[in-house]
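Given next are the chains, with one letter for each unit.
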Amino acid sequence: VQLVESGGGLVQAGGSLRLSCAASGFTFSSYAMSWYRQAPGKERELVARITSAGSSTTYPDSVKGRFTISRDNAENTVYLQMNSLKPEDTAVYYCRGVVRSRQYWGQGIQVTVSS
């Protein structure tokens, strides 16, 4: 199983970024996928989850209405569209999948939002 994130970077407050996570090594369309983030000195937290078919999504209040998770099962990719970014969204973002009861993480990608 391999998860590779891309699309991070530096953006001004109010801006947008789209993260991608390319998955391989498992039947992507059979598993829910999630995005997490970890800011310096803080615990890793869930920011979005999507079911295997993409029919249901979950967000914490901190990003609801600003972030959108989606997936393309034909391309084995999950996305995180982030709009109206705030400085407090600055973190390393990780893609996560639980495959056959084992969790896998991407390498993480930095998102920095300047004020």
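Look up: the structure comes first, before these words.
Residues numbered from 1 in each chain as written. Predicted model: local features only at pLDDT ≥ 70, side-chain atom pairs only at ≥ 80, totals over all residues. Heavy atoms only, no water.

Thoughts on the pattern of salt bridges
Scanning all chains against the criterion turns up 4 salt bridges. The salt bridge partner of arginine 37 is glutamate 45, with a shortest N-O separation of 2.6 Å. One salt bridge in this structure joins arginine 37 and aspartate 89, with 2.8 Å as the shortest N-O distance. Taken together, the residues arginine 37 in strand β4 (residues 33-38) and aspartate 89 in the loop between β8 (77-82) and β9 (91-99) connect sequence positions 52 residues apart. (Salt bridge = Lys/Arg side-chain N within 4 Å of Asp/Glu carboxyl O. Helix = DSSP H or I, 4+ residues; strand = E, 2+ residues; numbered from the N terminus.)

Description of unusual backbone geometry
Comment: phi is negative for the bulk of residues other than glycine, and the bulk of peptide bonds are trans. A positive phi angle, close to 55°, is found at asparagine 76, a residue other than glycine. By the element assignment, asparagine 76 lies in the loop between β7 (67-72) and β8. The backbone phi angle of serine 84 is positive, close to 50°, even though this residue is not glycine. The residue serine 84 is located in the loop between β8 and β9 in this model.

Points about the side chain of threonine 77
Within the secondary structure, threonine 77 is located in strand β8. One polar contact links the side chain of threonine 77 to the main-chain carbonyl oxygen of glutamate 75, over a distance of 2.9 Å. Ignoring any residue separated from it by four or fewer positions in sequence, one finds threonine 77 in contact with Ser20, Cys21, Ala22, Phe28, Ser70, Arg71 and Asp72. (Polar contact = N/O pair within 3.5 Å; in protein donor to acceptor, adjacent residues only side chain to side chain. Contact = heavy atoms within 4.5 Å.)

Describing the environment of glycine 54
For glycine 54, the location among the structural elements is in the loop between β5 (45-50) and β6 (57-58). The class for glycine 54 is partly exposed, based on a relative accessible area of 34%. Sequence spacing of glycine 54 and methionine 82 is 28 residues, and the spatial spacing of their C-alpha atoms is 18 Å. (Buried < 20%, exposed > 50% of the residue type's maximum accessible area, 1.4 Å probe, protein only.)

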